[in-house]
Amino acid sequence: IDTKASILSKIAGFYAYTGDNQKAIEIYNQALELFKKAPEHIKNLSKNRTTEAYMLNNLGVVYSKMGDMKLALEKYTQAFDIAINVKEYDAATVFLRNIASANFEIGEKQKAITQLERVLQYSRDIKSKTIEMKALDDIGFIYSVLLDTKKAITNYSLALKIAQDISDKKKE
């Protein structure tokens, strides 16, 4: 199931990349259907669940591109829940950042900040300075949109310090 679903996911990703969002949705759903039909002992393998989570996330990205934030949030949340369940915390932070982004897009800026603060906690738990830096940068951006200069500068400064510490020249 992992290989066939993975190939279908790549095909769906291609359609999403070329702008054929409806075809991408159709194929992502075909791939996800493979997971539903798989025997429990295969479906519940951590690698298969992680693949499923990434497909749900990618489906959320397609819905987001189409402006359907309700469905995007639903898919991102499903992906996040799976990632937490199988203890894939790196993936969980990606999905939670997408949840925060979707909430930002629908005007739920405080909710987005709260979710990004959770990303910060996960990033520190898994000792990922890169994820921590991205979360701080995202939080800084939201505060800048909210015109909270002090909090924006504080978060941007913390992100910059981490970027300098890990020599991430792209973020400097």
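Residues numbered from 1 in each chain as written. Predicted model: local features only at pLDDT ≥ 70, side-chain atom pairs only at ≥ 80, totals over all residues. Heavy atoms only, no water.

Colleague: Help me understand the overall build of the protein in this model?
Modeller: Along its length, the protein carries nine helices and zero strands. Helices and strands in the protein line up, N terminus first, as α-α-α-α-α-α-α-α-α. Its C-alpha atoms give the protein a radius of gyration of 17 Å, within 12% of the compact-globule value 16 Å for 172 residues. Counting only C-alpha atoms, the protein reaches 50 × 30 × 30 Å along its principal axes. When burial is assessed residue by residue, the protein has 42% of its 172 residues classed as buried. Long-range contacts, defined here as pairs at least 24 residues apart, represent 49% of the contacts in the protein between residues at least 6 apart. Only carbon and sulfur atoms are counted for the fraction: they give 53% of the accessible area of the protein, which is about 9500 Å². The centroid of the 26 positive side-chain charges in the protein is displaced by 2 Å from the centroid of its 22 negative side-chain charges. (Helix = DSSP H or I, 4+ residues; strand = E, 2+ residues; numbered from the N terminus. Rg over C-alpha atoms; globule rule 2.2 N^0.38 Å. Buried < 20%, exposed > 50% of the residue type's maximum accessible area, 1.4 Å probe, protein only. Contact = heavy atoms within 4.5 Å. Areas by Shrake-Rupley, 256 points an atom, 1.4 Å probe, with all protein chains shown as cover. Lys, Arg positive; Asp, Glu negative; His and termini not counted. Charge placed at Lys NZ, Arg CZ, Asp CG, Glu CD.)

Colleague: Which parts of the structure should I look at to understand unusual backbone geometry?
Modeller: Glycine aside, residues mostly have negative phi angles, and peptide bonds mostly take the trans form. For Lys87, which is not glycine, the phi torsion reads 60° and is therefore positive. Within the fold, Lys87 resides in the loop between helix H5 (69-85) and helix H6 (89-105). Phi is positive for Leu147, which is not a glycine, with a value near 60°. Secondary-structure assignment places Leu147 in the loop between helix H8 (129-145) and helix H9 (149-165).

Colleague: Got a minute to help me understand H6 in this structure?
Modeller: In an α-helix, one full turn covers 3.6 residues, which means residues spaced three or four apart are oriented alike. For H6, built from 17 residues, the straight-helix expectation of 24 Å at 1.5 Å per residue is met to within 8% by its first-to-last C-alpha distance of 24 Å. The set of residues buried in H6 consists of Ala91, Ala92, Thr93, Phe95, Leu96, Asn98, Ile99, Ala100, Ala102, Asn103 and Phe104. Packing partners of the buried residues in H6 comprise helix H4 (46-65), H5, helix H7 (109-125) and H8. (Expected span 1.5 Å × (residues − 1).)

Colleague: So what exactly am I meant to see when it comes to the pattern of salt bridges here?
Modeller: Should the charged atoms of two oppositely charged side chains come close, the side chains can pair. For the structure on display, the rule yields seven salt bridges. The salt bridge partner of Arg97 is Asp138, with a shortest N-O separation of 2.8 Å. One end of the pair, Arg97, is in helix H6; the other, Asp138, is in helix H8, and 41 residues separate them in sequence. (Salt bridge = Lys/Arg side-chain N within 4 Å of Asp/Glu carboxyl O.)

Colleague: Just checking my understanding: could you explain the packing of H5 against H6 for this structure?
Modeller: Packed helices, taken two at a time, are described by the angle their axes make and the gap between the axes. It is the contact of H5 with H6, at a shortest axis distance of 8 Å, that shows an interaxial angle of 160°. Between H5 and H6, the interaxial angle falls into the category roughly antiparallel. Read as a crossing pair, H5 and H6 show a hand that is left-handed. In this structure, H5 contributes Met69, Leu73, Tyr76, Thr77, Ala79, Phe80, Ala83 and Ile84 to the contact, and H6 contributes Tyr89, Ala91, Ala92, Phe95, Leu96, Asn98, Ile99, Ala102, Asn103 and Glu105. Residues belonging to the contact of H5 with H6 are distributed by class as follows: 14 nonpolar, three polar and one charged. (Axes fitted to C-alpha atoms, helices over the stretch in contact; angles between N-to-C directions. Parallel < 35°, antiparallel > 145°, perpendicular 65-115°, else oblique. Left-handed = near helix turned anticlockwise from the far one by under 90°. Nonpolar A, V, L, I, M, F, W, Y, C, P; charged D, E, K, R; others polar.)

Colleague: Sorry, what's going on with the nonpolar core here?
Modeller: Across soluble globular proteins, nonpolar side chains have a tendency to be buried as a group. Of all hydrophobic cores here, the largest spans 50 residues; its most connected members are Tyr28, Met55, Phe80 and Phe95. Breaking this core down by element, the ones donating at least two residues are helix H1 (2-17), helix H2 (21-37), H4, H5, H6, H7, H8 and H9. With residues up to four places along the chain from it excluded, the contact list for Met55 reads Ala5, Ser9, Tyr28, Ala31, Leu32 and Phe35. (Core = buried A, V, L, I, M, F, W, Y, C linked by side-chain atoms within 4.5 Å.)

Colleague: I tried to follow the packing of H4 against H6 on my own but got confused; where do I start?
Modeller: Relative orientation of the contacting elements H4 and H6 amounts to 20°, with a least axis distance of 11 Å. The orientation of H4 with respect to H6, classified from their angle, is roughly parallel. Between H4 and H6 lies a crossing of left-handed hand. On H6, the residues that touch Ala53, Tyr54, Asn57 and Val61 of H4 are Ala91, Phe95 and Asn98. By residue class, the composition of the contact of H4 with H6 is five nonpolar, two polar and no charged.

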